[in-house]
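This is what each chain is made of:
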Number of protein chains: 2
Amino acid sequence: MYIIIEGIDTAGKSTQIDILKQNYPDTIFTKEPGGTNLGIDIRNMVLNGYTKSNLAEMFLFLADRAEHIDKIIKQNSDKTVVSDRGFLSGIAYAKIDIKSAISLNLLALDNALPSKIIILTLSKEILEQRLSNKKHDLIESRGIEYLLDIQNRMLKAIELINQQNNKKIDTLIIDASQNIKIIANQIDNFIKN
Amino acid sequence: MYIIIEGIDTAGKSTQIDILKQNYPDTIFTKEPGGTNLGIDIRNMVLNGYTKSNLAEMFLFLADRAEHIDKIIKQNSDKTVVSDRGFLSGIAYAKIDIKSAISLNLLALDNALPSKIIILTLSKEILEQRLSNKKHDLIESRGIEYLLDIQNRMLKAIELINQQNNKKIDTLIIDASQNIKIIANQIDNFIKN
């Protein structure tokens, strides 16, 4: 079972993944970008501002995704694999129209769609509060409106994909302003059912 | 003016580019992949067999293409730029259906289509003869049928692109079994007119 956890920065993905690691010791934990050797190089290239081209950046992330699917997801299709981010982030952060972004990312997935998707969401108020408490990194510094737009694109993307697919992807959208343990319970129930 | 020179290995691209370099000293000569710093890294990644995924490889080459368009082609739109390979190779070598390959490569070009395309072509007999005289590299070792298929895909791609575009891209298809000087003259006339 391939599960992805999505959400903008400060939504609490890392905290929840740490809890899952304790509760699911036989599960494989991975991430995008950077879940493979190629992905680590790609992640470094992009984060170091190695390219100024939005398109080049997008294709690099798609290469990371295709490699990750090939090397990690397909090789472990008999196990439970939890990925910190996946194709929804790919779609949401791509600087092209959402429909093109969806079709490119589905191509990179090569039919290996996740069985379950968890999306941690934040309201504008909570996001502002959390960002003000945190040292901003490259992406966060692009602003609150930017991050909310990314979150909206994630939600819109899953809606569009479920419309066009015969089988809907089982999706849990969580209000990430809730207590950490409550969120962890919601995720636990979702994975087990 | 942006000009690309295409053709399978042993068709004589390098020889013709060397002649152009002597005759057109003010022209910028570049190549794909590897015409930028990012492209050099990508080229090394792929040629060293860093990825086994056909899709990851394709997306890496598309990233190289997008970067090259952004950094070299668009920055020099007032000059003559000759590129050793371009999007036709991208389409021909991609291991997906030709129409998807075309739309991905046009996306990477970001509207910067070449003004002129030169394609050096070889018959099966001449290709066999040339390959038997040369140390085979990674791509050549995939066989004669493979290279002829790539050549056919290049020709098919330009046909399909010209069908769907209002304005045909000015294209010169050369029989590369001819004498080097005759080919050089054909290219020279084509560029000047």
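Residues numbered from 1 in each chain as written. Chains lettered and ligands numbered in written order. Predicted model: local features only at pLDDT ≥ 70, side-chain atom pairs only at ≥ 80, totals over all residues.

*Asks:* Just to check I follow, could you spell out the nonpolar core for this structure?
*Replies:* Where a protein is soluble and globular, its nonpolar side chains tend to be buried together. Core analysis: the largest hydrophobic core is formed by 102 residues, its most contacted members being A:Phe59, A:Ala63, B:Phe59 and B:Ala63. Beyond its immediate chain neighbours, meaning those up to four positions away, A:Ala63 contacts A:Ile42, B:Ala56, B:Phe59, B:Leu60 and B:Ala63. (Core = buried A, V, L, I, M, F, W, Y, C linked by C-beta atoms within 7 Å. Buried ≥ 20, exposed ≤ 12 C-beta atoms within 10 Å, placed from the backbone. Contact = placed C-beta atoms within 7 Å.)

*Asks:* Can you help me understand the relation of the copies chain A and chain B in this one?
*Replies:* What relates the two chain copies is a rotation about an axis together with a slide along it. Note on the copies: chain A fits chain B at an RMSD of 0.0 Å, the axial shift is 0.0 Å, and the rotation between them is 180 degrees. Both copies of the chain, as the preceding transformation shows, are related through a two-fold rotation axis. Minimal C-alpha distance to the rotation axis in chain A is attained by A:Phe59, lying at 2.6 Å. Of all interface residues in chain A, 100% are interface residues in chain B too; the two copies therefore contact each other through one and the same surface. (Least-squares fit on C-alpha atoms with pLDDT ≥ 70 in both.)

*Asks:* Before we go on, may I ask you to explain the interface of chain A and chain B in this structure?
*Replies:* Interfaces are frequently sized by the accessible area removed from exposure as the parts join. In this assembly, 17 residues from chain A lie in contact with 17 residues from chain B. Broken down by secondary-structure element, the contributors of at least two residues to the side of chain A that touches chain B are helix H2 (37-47) and helix H3 (54-73) of chain A. If you tally residues by element for the side of chain A that touches chain B, the top one is H3(A), at nine residues. (Helix = DSSP H or I, 4+ residues; strand = E, 2+ residues; numbered from the N terminus.)

*Asks:* Is there a simple way to think about the sheet that holds strand E4 (residues 116-121) of chain B in this case?
*Replies:* Residue and element names in this part refer to chain B. Spatially, five strands are ordered E2-E3-E1-E4-E5 in an open sheet, and the strand pairing comes out parallel. Each edge of the open sheet carries a strand with a single partner, namely strand E2 (28-31) and strand E5 (170-175). Recorded for the sheet is a direction-independent mean angle of 20 degrees between the axes of neighbouring strands. (Pairing = 2+ DSSP bridges. Axes fitted to C-alpha atoms, helices over the stretch in contact; angles between N-to-C directions.)

*Asks:* In this structure, what is going on with the sheet that holds strand E3 (residues 81-84) of chain A? I would like to understand it.
*Replies:* By way of backbone hydrogen bonds, the strands of a sheet pair with one another, either parallel or antiparallel. Residues and elements named next belong to chain A. The five strands lie next to each other as E2-E3-E1-E4-E5, forming an open sheet whose pairing is parallel. The open sheet has two free edges, formed respectively by strand E2 (28-31) and strand E5 (170-175), since each of these has just one partner strand. Between one strand axis and the next, the sheet turns by 20 degrees as a mean value, whatever way the strands run. Two elements, E2 and E3, share four bridges in a ladder whose sense is parallel. Within the sheet, the bridge partner assigned to Phe-29 lies in E3 and is Val-82. Against the sheet, helix H7 (residues 144-164) touches strand E1 (2-7), strand E4 (116-121) and E5, its axis set at about 150 degrees to E4.

*Asks:* Just checking my understanding: could you explain unusual backbone geometry for this structure?
*Replies:* Keep in mind that most residues, glycine aside, have a negative phi and that most peptide bonds are trans. Residue A:Pro33 is bonded to the preceding A:Glu32 through a cis peptide linkage, with omega at -10 degrees. Of note, A:Pro33 is situated in the loop between E2 and H2. The phi angle at B:Thr10 is positive, at roughly 75 degrees, despite the residue not being glycine. Mapped onto the secondary structure, B:Thr10 falls in the loop between strand E1 (2-7) and helix H1 (13-23). Look at B:Thr10 and you get buried, because 20 C-beta atoms sit within 10 Å.

*Asks:* Just checking my understanding: could you explain the pairing of E4(A) for this structure?
*Replies:* All names here are of chain A. For E4, the buried fraction is high: five of the six residues fall into the buried class. As paired elements, E1 and E4 share five bridges and run parallel to each other. Following the sheet pairing, Glu-6 is matched in E4 by Ile-119. Where E4 meets E5, six bridges bridge the pair, whose relative direction is parallel. By the bridge assignment, Ile-117 is partnered in E5 with Thr-171.

*Asks:* How should the packing of helix H6 (residues 124-132) of chain B against helix H7 (residues 144-164) of chain B be read in this particular structure?
*Replies:* Two packed helices can be described by the angle between their axes and the distance between those axes. Residue and element names in this part refer to chain B. Across the interface, H6 lies against H7 with an axial gap of 11 Å and an inter-helix angle of 130 degrees. Relative to H7, H6 is oriented oblique. In terms of crossing hand, the pair formed by H6 and H7 is right-handed. Between H6 and H7, the contacting residues are Lys-124, Leu-127, Glu-128 and Leu-131 on the first element and Ile-144, Leu-147 and Leu-148 on the second. (Parallel < 35°, antiparallel > 145°, perpendicular 65-115°, else oblique. Left-handed = near helix turned anticlockwise from the far one by under 90°.)

*Asks:* For this particular structure, what's the right way to read the confidence of the model for chain A?
*Replies:* Close reading of the predicted structure is inappropriate where its pLDDT is low. In this model, chain A carries a mean pLDDT of 94, and residues with pLDDT of at least 70 account for 96%. For this predicted complex, the interface confidence score (ipTM) comes to 0.94, while the overall pTM stands at 0.94. (pLDDT = per-residue confidence, 0-100.)

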